[in-house]
Every structure is written in C-alpha cells, then in structure tokens.
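# Coordinate inspection notes
What follows is the residue order along each chain.
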Amino acid sequence: MKIAIIGGTGDQGLGLALRFVKSGEHVIVGSRDIKKAENAVKLIKDMLNDENLPNLSAMTNEDATTNGDIVVLTVPLQAQMITLKSIKEYVQGKIFVDATVPLEGCIGGKPTRFVDLWEGSAAERSAAFLGNDVRVVSAFCNLSAASLTNINEDVECDCLISGDDSQANAIVMELAEKISGVRSIECGPLENARIVEKITPLLINLNIRNRIKLAGIRITGL
Ligand SMILES: NC(=O)c1ccc[n+]([C@@H]2O[C@H](COP(=O)([O-])OP(=O)(O)OC[C@H]3O[C@@H](n4cnc5c(N)ncnc54)[C@H](OP(=O)(O)O)[C@@H]3O)[C@@H](O)[C@H]2O)c1
C-alpha cells in the first residue's frame, strides 16, 4: 500500500510520514510545490539519519493522489476545500483519510475552540464533496505533531477512527498501529467524527494550561 500524504510538508503530515516511513511503509509526500515536498523528504531522511529510503518520495498533491492507494489529508481547515478540489478526480475509488480539525484558529480565533461546519465535521465535509466512490475515514485528529516528530518515543495516544465502510476502517486501523505506541479504536460511522474532532481543541487547551506539548487521549476499559 502506498500512502499519499496531501499537505505532507506541514507539521502533522510530516510527523505521520516520518512514523510510517520508519515502520517500513511506502510514503509519498505531497505538496502544492514539488520543491517543498522534496525539502520535506530531505528533512525526514535527516531526522531518520538515513539518506537511502527507497520507500519515500516527493510529488505534487495531484501526482501523490494518483499514485497513492490510501490518501491522507493534512491541511488546515481553510485549505480543505481548495485542496479537495485539486485532487477530487484523482482520489476516486480510493480510501481517503481526513485528519482535518475545524479549529477557530483557522478563522483568526483561538486554537482551543472548535468551529461548527454545516456537514457536522470536517470528515463529513470531505465525504459530501468527494462523492460515493471515495471511502472516507476520519483518523489521526487527536495525534499531535509534537508526539509524532518526537521520533525516539512512543506516541501515547489512541487513534479514534470513524467511517462508514468497515473494510476501509480496518485498513486505516492497521495503518495507525504502525505508529509505535498507538492503539486504534473503531468509533463507528463517519458522523462520529463530529465528536472525535472536538477532542483536539481540548488537548491543545491541556497542552497550554500545563505548558506541555504531548497531551493525548487513551480510552480505558475496552
Ligand atoms: N499539528 C498538529 O499537531 C495536528 C494534530 C491533529 C490534527 N491536526 C490537523 O491536521 C491538519 C494539518 O495541520 P498542520 O499543523 O500540519 O498544518 P500546517 O502545517 O499549517 O499546514 C499543512 C500543509 O497544508 C498546506 N497548506 C497550508 N495552507 C494552505 C492553503 N491556504 N492552501 C492550500 N494548502 C495549504 C501546506 O502544504 P504545501 O504548501 O506544501 O502545499 C502546509 O504545509 C489540520 O487540519 C490540523 O487541524 C494537526
């Protein structure tokens, strides 16, 4: 499986790319700008201290989507729709993972506050736009970039996964558990992304209040 990370040059995308490459997955870092994607690939190689990573490549978002089997979106809310428009024709028939969190910071407010979207969640917004031939899964919303890039430590966070296609959910759950320390938990249909996405501003709040960077969430009793 090739994993295309759209907006893979940013904090979250780069962190996911780093973890997946480290676990031996084939990753394509996508960007609007191929030079930016190539720089991100170089940074990942430097961080992993390995100049020879045949399972890592750089492409434009469009080419990454075409060549990926699983497409992961890691752009801020204000870039979600324009990015979806640019890749819509190439993502048809694939699994699309949405990590977008609708934070008020995206419209000039606080990152500790959530903004409501008409569709109910960012993941449902993607699903409504991309159409029925794309299997949309919400995942990675609560995993912080700080934990993902803290490469020598496990990520102390459960990955809460919501989606309407159980086979796609299972594939993404398996992928998430490639990240050392992460346990995947299936949370039901895509509409539950409304709840999961809202946990992230709470974690950001806890980071700020406690002057830390690595707040995560664990579900007990399962
Ligand atoms: N950071 C975290 O700890 C974290 C944790 C959980 C979830 N998330 C979610 O993951 C997503 C990405 O977060 P992030 O912190 O990685 O974001 P980011 O660093 O601000 O941006 C990620 C990438 O998105 C692209 N982008 C930014 N603005 C754009 C625009 N106006 N139009 C088109 N593309 C644009 C850029 O890629 P190119 O310029 O290369 O195209 C950028 O490198 C967000 O929705 C966030 O809520 C983040």
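To be clear, the structure that these remarks concern was listed above.
Keep in mind it's a predicted model, so treat the numbers as computed, not measured. (Residues numbered from 1 in each chain as written. Predicted model: local features only at pLDDT ≥ 70, side-chain atom pairs only at ≥ 80, totals over all residues. Heavy atoms only, no water.)

## What to know about the sheet that holds strand S4 (residues 70–73)
With mixed pairing, the eight strands of this open sheet are ordered in space as S3-S2-S1-S4-S5-S6-S7-S8. Across the chains shown, the open sheet's two edge strands, defined by having one partner strand only, are strand S3 (56–60) and strand S8 (183–186). Between one strand and the next, the sheet's axes are offset by a mean angle of 25°, whatever the strand orientation. Strand direction decides the pairing type here: strand S1 (residues 2–6) and S4, joined by four bridges, are parallel. By the bridge assignment for S4, Ala-4 is matched with Val-71. Running at roughly 165° to S1, helix H1 (residues 11–22) makes contact with S1, strand S2 (26–31), S3 and S4 of the sheet. (Pairing = 2+ DSSP bridges. Helix = DSSP H or I, 4+ residues; strand = E, 2+ residues; numbered from the N terminus. Axes fitted to C-alpha atoms, helices over the stretch in contact; angles between N-to-C directions. Contact = heavy atoms within 4.5 Å.)

## Remarks on the site of the ligand
If you check the shell around the ligand, you find 20 residues, and the closest are Thr-9, Ser-31, Arg-32, Lys-36 and Val-75. In this structure, Thr-9 approaches the ligand through a side-chain N or O atom, which is 2.5 Å from an oxygen atom. In this structure, an oxygen atom belonging to the ligand sits 3.1 Å away from a main-chain N or O atom of Asp-11. The fraction of the free accessible surface of the ligand (880 Å²) that becomes covered by protein chains is 78%. According to the grid-proximity analysis, the pocket containing the ligand is the largest pocket. Partitioning the shell around the ligand into residue classes produces nine nonpolar, eight polar and three charged. (Near = heavy atom within 4 Å. Polar contact = N/O pair within 3.5 Å; in protein donor to acceptor, adjacent residues only side chain to side chain. Areas by Shrake-Rupley, 256 points an atom, 1.4 Å probe, with all protein chains shown as cover. 1 Å grid on protein atoms, 1.4 Å probe; cavity = no way out; pocket = protein on both sides within 12 Å on 5 of 7 lines; lining within 4 Å. Sits in = over half its atoms within 2 Å of the grid points. Nonpolar A, V, L, I, M, F, W, Y, C, P; charged D, E, K, R; others polar.)

## Re the nonpolar core
For soluble globular proteins, nonpolar side chains are generally found buried alongside one another. Among the nonpolar cores identified, the biggest contains 45 residues, and Phe-20, Val-29, Phe-140, Leu-143 and Ile-179 are the most heavily contacted of them. The element best represented in this core is H1, accounting for six residues. For Phe-20, the residues in contact, after removing those within four places along its chain, are Ile-3, Ile-5, Glu-25, Val-27, Phe-140, Leu-175 and Ile-179. Counting 19 residues, the second-largest nonpolar core is a separate cluster that includes Met-59, Val-75, Ala-79 and Leu-84. (Core = buried A, V, L, I, M, F, W, Y, C linked by side-chain atoms within 4.5 Å. Buried < 20%, exposed > 50% of the residue type's maximum accessible area, 1.4 Å probe, protein only.)

## A word on helix H5 (residues 122–130)
For H5, the set of buried residues is Ala-122, Ala-123, Glu-124, Arg-125, Ser-126 and Leu-130. For H5, the secondary structure elements touched by its buried residues are S4, helix H4 (77–91), strand S5 (95–98), strand S6 (135–138) and helix H8 (193–210). Backbone geometry just after H5 places Gly-131 at a positive phi near 95°.

## Observations concerning the packing of H4 against H5
It is at 10 Å that the axes of H4 and H5 come closest, and there the two elements cross at 35°. The handedness of the crossing between H4 and H5 comes out as right-handed. Mapping the contact onto sequence places Leu-77, Gln-80, Met-81, Leu-84, Lys-85, Lys-88 and Val-91 in H4 and Ala-122, Arg-125, Ser-126, Phe-129 and Leu-130 in H5. The residue makeup of the contact of H4 with H5, split by class, is seven nonpolar, two polar and three charged. (Left-handed = near helix turned anticlockwise from the far one by under 90°.)

Geometric values such as these leave the question of function open.
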